[in-house]
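If you want the building blocks of each chain, they are given just below.
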Amino acid sequence: MIELDSVTRSFQVGDQWVRALRGVSVTIATGEFVSIMGPSGSGKSTLLNLLGLLDRPDSGLYRIDGLDVTALTEAEAARVRREKIGFVFQFFHLVPRLSAADNVALPMMLAGVQPAERRERVVRLLADVGLTQRASHLPAQLSGGQLQRVAIARAMSMNPSLLLADEPTGNLDRSTGREVLALLEELNRRGTTLIVVTHDQEIGARAGRRIAMEDGHVVADSCPSGARP
Amino acid sequence: MTPRDTFSLAWGSLAYQPGRTLLIALAMSIGVASVVVLTALGEGARRYVLDQFASLGTGLLIVIPGRAETSGGAPGVLSGQTSRDLTLADADAVARLRDVARVAPLNVGVAQVSRGGLSREAVLLGSTAGLLEIRHMHLIQGHYLPAGPNDQATPVCVLGERIRAELFGQANALGEWVRIGDRRFRVIGVLATQGQQMGFDSDETVAIPVAAAQQLFNTVSLFRILVEARGRDAVAAVKEDLLALLKVRHENDADVTVITQDAVLATFDRIFTALTLAVSGIAAISLGVAGVLIMNVMLVSVAQRRSEIGLLKALGATAAQVRGLFLAEAGLIAALGAAVGLLLGLAASFVLGRLYPVLPITPPPWAMAAAVTTALVAALLFAWLPARKAARLDAAQALARR
């Protein structure tokens with residue numbers, strides 16, 4: 001359960017203040033598949049960063065499962081990210097010197113999971129995304145679709161309740177993009193809340209709930225908060 | 001995150017850029033090696049000087065006429081002339097003190113020594129039989145100065161090896177006559193070559209009985225009295241007795257100075273220890289420079305790896321973990337450099353020790369430990385700034401599409 005209440009966020013760019021979010025209130029229930037769409041500069045990336053605790057609102061409330069996360073210390077926020085949130089990026093962001101398996105193990109390493117358990121879970125995670133054969137490959141030896149699947153396996157390694165994807169198919173060709181999206185939908189069906197920021201109308205249309213943003217406001221919400229089970 | 005994981009991640013990133021890593025480690029190792037070599041040299045010099053003193057006998061006391069406190073200048077060192085002379089009778093009295101093993105009165109001068117047509121200047125030592133033992137000299141031929149009353153001016157002499165070689169060449173010297181000043185002396189012994197010893201070359205000396213030297217130089221005053229105590233522990237007591245005795249003999253005037261070997265030794269020890277510390281301190285500056293290099297390279301590295309740092313934070317790394325990763329990298333480089341530097345320093349010390357066998361060059365363990373510790377501390381201190389910068393990086397910005 002995610003609750004945003006009148007969240008604002010501004011940045012200083014040069015000598016100008018840009019108001020990226022001007023009072024956004026959204027409630028997303030556990031297990032929803034939400035797409036956030038809107039033109040560049042509409043505030044959707046800022047919203048995603050706030051949802052992922054990579055940024056803090058200037059004002060307003062943000063609660064995850066009832067916990068007010070705006071007041072957390074840096075270390076506490078890191079802990080919430082580690083345990084509850086998985087990230088998938090447009091540019092994959094795999095560590096180039098680590099093998100696919102080591103990239104997937106990275107969040108578990110940060111969380112202090114023992115090596116034996118890490119190995120076991122990595123095998124299962126890679127099998128889930130169909131990359132068992134590529135475990136020891138370096139990112140440079142993998143295709144774009146494979147890279148994104150490794151990134152998804154990494155995002156799921158701590159079994160988060162919330163998966164945030166920023167243009168997950170933006171750097172992939174159409175058919176690979178569909179495969180990746182199918183994978184994300186499968187994870188969503190197993191109970192993970194999925195929030196996707198995208199320009200892609202097709203992805204937007206497949207989401208159970210579509211939020212449109214413009215100038216820091218939510219201008220359309222196909223399924224207003226609370227109306228869905 | 002376990003320390004093992006931290007180090008393995010840090011090691012992975014170092015190994016990913018081996019050229020850069022090796023260059024920094026090299027700078028670190030040069031610093032460590034120079035500390036090790038310079039302290040080894042300083043220690044070598046210190047031990048060399050102390051050994052030289054020890055070879056003169058650690059129970060040695062030197063009586064000098066005159067008192068530093070009263071004259072304000074050197075206590076009659078140059079001339080041996082003060083208001084009251086140090087005499088042969090004083091030396092005899094000293095010899096009767098408790099715990100005195102040997103006494104050698106000493107007059108020193110320069111005289112022309114000639115044999116036939118050959119002639120050269122030599123340092124003339126007027127002394128007694130005791131000098132041989134006190135100065136740890138050895139004979140290769142004949143006898144040393146005869147024992148017996150000090151005031152007997154027996155016309156005999158003992159030649160240093162070089163003087164003998166130049167006056168006699170291959171010919172036999174023992175029993176021959178040489179002319180010293182305006183007198184003739186019979187050669188009764190030749191000293192083994194010993195080389196320079198505290199700025200004094202026994203090879204270029206000629207020893208004659210002290211009474212003969214006093215006649216030759218027309219003086220009754222002694223230059224020094226060398227006294228050897230029975231063992232090192234007796235030195236302090238002997239010194240007190242000496243001063244008391246000579247005060248009584250000199251009409252209740254304490255007009256002599258007694259130098260003990262121990263005091264000189266301690267002074268040199270302090271001087272050389274200070275020098276070693278100063279030199280190694282200067283070498284330690286190079287470790288600081290290597291630290292600055294690490295800071296520089298790490299700052300560049302933080303800038304280059306912004307997205308990786310942002311990613312780690314998104315995956316749940318705390319600021320402390322990110323800082324720990326960068327500090328671990330700096331620590332690993334420094335440890336690598338220190339290890340290589342220790343090996344380099346030991347190797348260089350070994351080679352120097354072979355080139356200059358007289359110097360006992362061995363790097364002291366405390367210096368090696370200090371060099372390694374300084375390297376690690378410098379690396380961590382200088383890496384602190386880049387590590388903090390990485391830890392404070394705004395993950396959202398670092399991950400943003402460019």
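Calculation notes
- Residues numbered from 1 in each chain as written.
- Chains lettered and ligands numbered in written order.
- Predicted model: local features only at pLDDT ≥ 70, side-chain atom pairs only at ≥ 80, totals over all residues.
- Heavy atoms only, no water.
- Helix = DSSP H or I, 4+ residues; strand = E, 2+ residues; numbered from the N terminus.
- Buried < 20%, exposed > 50% of the residue type's maximum accessible area, 1.4 Å probe, protein only.
- Contact = heavy atoms within 4.5 Å.
- Pairing = 2+ DSSP bridges.
- Domains from an automatic or database assignment.
- Buried area = accessible area lost by both parts, 1.4 Å probe.
- Salt bridge = Lys/Arg side-chain N within 4 Å of Asp/Glu carboxyl O.
- Polar contact = N/O pair within 3.5 Å; in protein donor to acceptor, adjacent residues only side chain to side chain.
- Nonpolar A, V, L, I, M, F, W, Y, C, P; charged D, E, K, R; others polar.

## Concerning the side chain of Glu43 of chain B
Residues and elements named next belong to chain B. Mapped onto the secondary structure, Glu43 falls in helix H2 (residues 18–55). Judged by its relative accessible area of 10%, Glu43 falls in the buried class. Aside from chain neighbours lying at most four places away, what touches Glu43 is Thr276, Thr362 and Pro364.

## Some details on the pairing of strand E9 (residues 209–214) of chain A
Residue and element names in this part refer to chain A. Across the two faces of E9 the burial differs, with Arg209, Ile211 and Met213 buried and Arg210, Ala212 and Glu214 not buried at all. In terms of strand pairing, strand E3 (residues 33–37) meets E9 through 4 bridges, oriented parallel. Counted as the bridge partner of Ile36 is Ile211 from E9. Summarising the sheet, E9 and strand E10 (residues 217–221) pair through 4 bridges and their orientation is antiparallel. From the neighbouring strand, Ile211 faces E10, where its bridge partner is Asp221.

## Some details on the domain arrangement of chain B
The assigned domain composition of chain B is domain 1 (3–53 + 266–399) and domain 2 (84–254). When each unit is reduced to the centre of its C-alpha atoms, the spacing between domain 1 of chain B and domain 2 of chain B is 56 Å.

## Quick notes on the interface of chain A and chain B
Tallying the contact residues gives 27 residues for chain A and 24 residues for chain B. Where chain A abuts chain B, roughly 2,400 Å² becomes buried across the two surfaces, and 62% of that area is made up of carbon and sulfur atoms. Our count for the chain A to chain B interface comes out at 2 salt bridges. In this structure, Asp5 of chain B and Arg118 of chain A form a salt bridge, with 2.7 Å as the shortest nitrogen-oxygen distance. The tally of links from chain A across to chain B stands at 7 residue pairs in polar contact (both at pLDDT 80 or more). Elements with a contribution of two residues or more to the side of chain A that touches chain B: helix H1 (44–51), helix H2 (74–84) and helix H3 (100–111) of chain A. In terms of residue class, the side of chain A that touches chain B is made up of 14 nonpolar, 5 polar and 8 charged.

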